[in-house]
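# Structural overview
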Amino acid sequence: MTKTFDVAVVGATGAVGEVMLALLAERRFPVGTVYALASQRSVGTTVRCGDRTLTVQDLATFDFRKTQIGLFSAGGDISAIYAPKAAAAGCIVIDNTAHFRYDDDIPLVVPEVNPGDIGRYQARGIIANPNCSTIQMVVALKPIYDAVGIERINVCTYQSVSGTGKEAIEELALQSRAVLAGDPVVAKVYPKPIAFNVLPHIDVFLENGYTKEEMKMVWETNKIMGDPSIRVNPTTARVPVMYGHSEALHIETREKLTAVAARALLTGAPGVVVLDERKPGGYPTAVTESAGHDAVFVGRIREDVSHPRGLDLWVVSDNLRKGAALNSIQIAEHLVATFL
């Protein structure tokens, strides 16, 4: 008889929480009872987990002793309060917020990159899930790093509004209709209109002129790869796309790697799909490839004409799936297969 695990999904009514519930069913995770948890205002509503209909329960009064695994995606302030409580009750937390990512005694994991770190959960009972833009980048870069090393990464991201949440998805839809109808455009979620626009600003600005989203990519890449010598220079932008993040990567390797060799490495890499044909449409995009799919897609693989050890890549992935929910569930899959 297959051993099952009782799972709590915290933030079950949010964009990521809904995908977590769907993926538990799609991937046939060995769940016993699934508890959908959210704030008081959502209590009594229902959500779907495959063919199950779940009634949302109040996070504030839930007894985590009922569960072995908690998938958290309800915001850093919520995780700060309830993740330690859940861990103290014996529930292993996989947290999708930024709150614990930079704590030395909490593993920050992308299963295709550093699965060996999962075992370090025992220190505090919490495993951190990285930022969506970092996840897809390190999945694509891991095989190259293992082969020839990486000195420096220049990355520009083009991130969809679903990374902000349901309210941003709705704002893009409303603004797009307003623009096409010639009506006034109202911006509430973002500081400027997002419809038919690009905003070079995600998260708060820091003293060094970078945003926190950009610095997340620096800190998290060094921690996940286990190499603080990798220099990362990011610019993150929000674009009028519903689902799927895109990234233009320009990397400098420690040893020369040709585009042909890089393509061969990536073709065999776990979690990666290469679409790299040098013709119109011979590359992945957020809408046509990544949205609704699990893989990290890589194309436009070429040698950098400005640097003798430079490579350029175009990387896209579904930010709600691999960038959040799927990565969390893959961590849980490794956890139950190896440690529980």
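Just above sits the structure.
First, a word on scope: everything that follows refers to the structure included in this document. (Residues numbered from 1 in each chain as written. Predicted model: local features only at pLDDT ≥ 70, side-chain atom pairs only at ≥ 80, totals over all residues. Heavy atoms only, no water.)

With that settled, consider the environment of valine 138. Summarising the element assignment, valine 138 is placed in helix α3 (residues 132-148). For the pair valine 138 and isoleucine 81, spaced 57 residues apart in the sequence, the C-alpha separation amounts to 29 Å. With sequence-adjacent residues up to four places away left out, valine 138 is seen in contact with Val110, Val113, Thr221, Ile224 and Met225. (Helix = DSSP H or I, 4+ residues; strand = E, 2+ residues; numbered from the N terminus. Contact = heavy atoms within 4.5 Å.)

Attention now goes to the sheet that holds strand β2 (residues 31-38). One open sheet accounts for six strands, arranged β5-β2-β1-β6-β7-β8; its pairing is parallel. The sheet is open, and its two borders are formed by β5 (57-58) and β8 (126-128), each paired with just one other strand. As paired elements, strand β7 (residues 92-95) and β8 share three bridges and run parallel to each other. From the neighbouring strand, valine 93 faces β8, where its bridge partner is isoleucine 126. (Pairing = 2+ DSSP bridges.)

Attention shifts here to the packing of α3 against helix α8 (residues 321-338). It is the contact of α3 with α8, at a shortest axis distance of 8 Å, that shows an interaxial angle of 85 degrees. One way to sum up the angle between α3 and α8 is to call them roughly perpendicular. Listed contacts from α8 to Cys132, Ile135 and Val139 of α3 are Lys322, Gly323 and Asn327. The residue inventory of the contact of α3 with α8, partitioned by class, reads three nonpolar, two polar and one charged. (Axes fitted to C-alpha atoms, helices over the stretch in contact; angles between N-to-C directions. Parallel < 35°, antiparallel > 145°, perpendicular 65-115°, else oblique. Nonpolar A, V, L, I, M, F, W, Y, C, P; charged D, E, K, R; others polar.)

On to the packing of α3 against helix α5 (residues 212-225). Pairs of packed helices are described in terms of their axes, by the angle between the two and the distance that separates them. At their nearest, the axes of α3 and α5 sit 10 Å apart, and the two run at 40 degrees to each other. Classified by the interaxial angle, the pair formed by α3 and α5 is oblique. Like other packed secondary-structure pairs, α3 and α5 cross with a definite hand, here right-handed. Together, Ser133, Thr134, Met137, Val138, Lys142 and Tyr145 of α3 and Glu213, Lys216, Met217, Glu220, Thr221, Ile224 and Met225 of α5 make up the contact between the two elements. Split into classes, the residues belonging to the contact of α3 with α5 amount to six nonpolar, three polar and four charged. (Left-handed = near helix turned anticlockwise from the far one by under 90°.)

A word on the pattern of salt bridges. Side chains that carry opposite charge are capable of pairing whenever their charged atoms lie near each other. Evaluated as defined, the whole model comprises 20 salt bridges. When the shortest N-O distance is used, the salt bridge between arginine 65 and aspartate 63 registers 3.0 Å. Aspartate 294 is the salt-bridge partner of arginine 321, the closest N and O atoms lying 2.7 Å from each other. Pair noted here: arginine 321 is in helix α8 and aspartate 294 is in the loop between α7 (286-290) and β13 (296-303), with a separation of 27 residues, a long-range link. (Salt bridge = Lys/Arg side-chain N within 4 Å of Asp/Glu carboxyl O.)

Turning to the environment of threonine 13, a few remarks are in order. With respect to the helices and strands, the residue threonine 13 is situated in the loop between β1 (5-10) and α1 (15-26). Its relative accessible area of 25% is what places threonine 13 among the partly exposed residues. (Buried < 20%, exposed > 50% of the residue type's maximum accessible area, 1.4 Å probe, protein only.)

Topologically, aspartate 304 is positioned in the loop between β13 and β14 (310-317). Summary of buried charges: aspartate 304 has no salt-bridge partner, and the nearest side chain of opposite charge, arginine 302, is 7.7 Å away. A distance of 2.7 Å separates the side chain of aspartate 304 from the side chain of serine 306, its partner in a polar contact. In this structure aspartate 304 touches Gly310, Leu311 and Asp312, once residues within four positions along its chain are discounted. (Lys, Arg positive; Asp, Glu negative; His and termini not counted. Polar contact = N/O pair within 3.5 Å; in protein donor to acceptor, adjacent residues only side chain to side chain.)

A few words on unusual backbone geometry. Positive phi outside glycine occurs at phenylalanine 196, with the angle close to 55 degrees. With respect to the element layout, phenylalanine 196 can be found in the loop between α4 (166-181) and α5. Phi at aspartate 203 takes a positive value of approximately 75 degrees, unusual for a residue other than glycine. Relative to the assigned elements, aspartate 203 resides in the loop between α4 and α5. What makes aspartate 203 partly exposed here is its relative accessible area of 31%.

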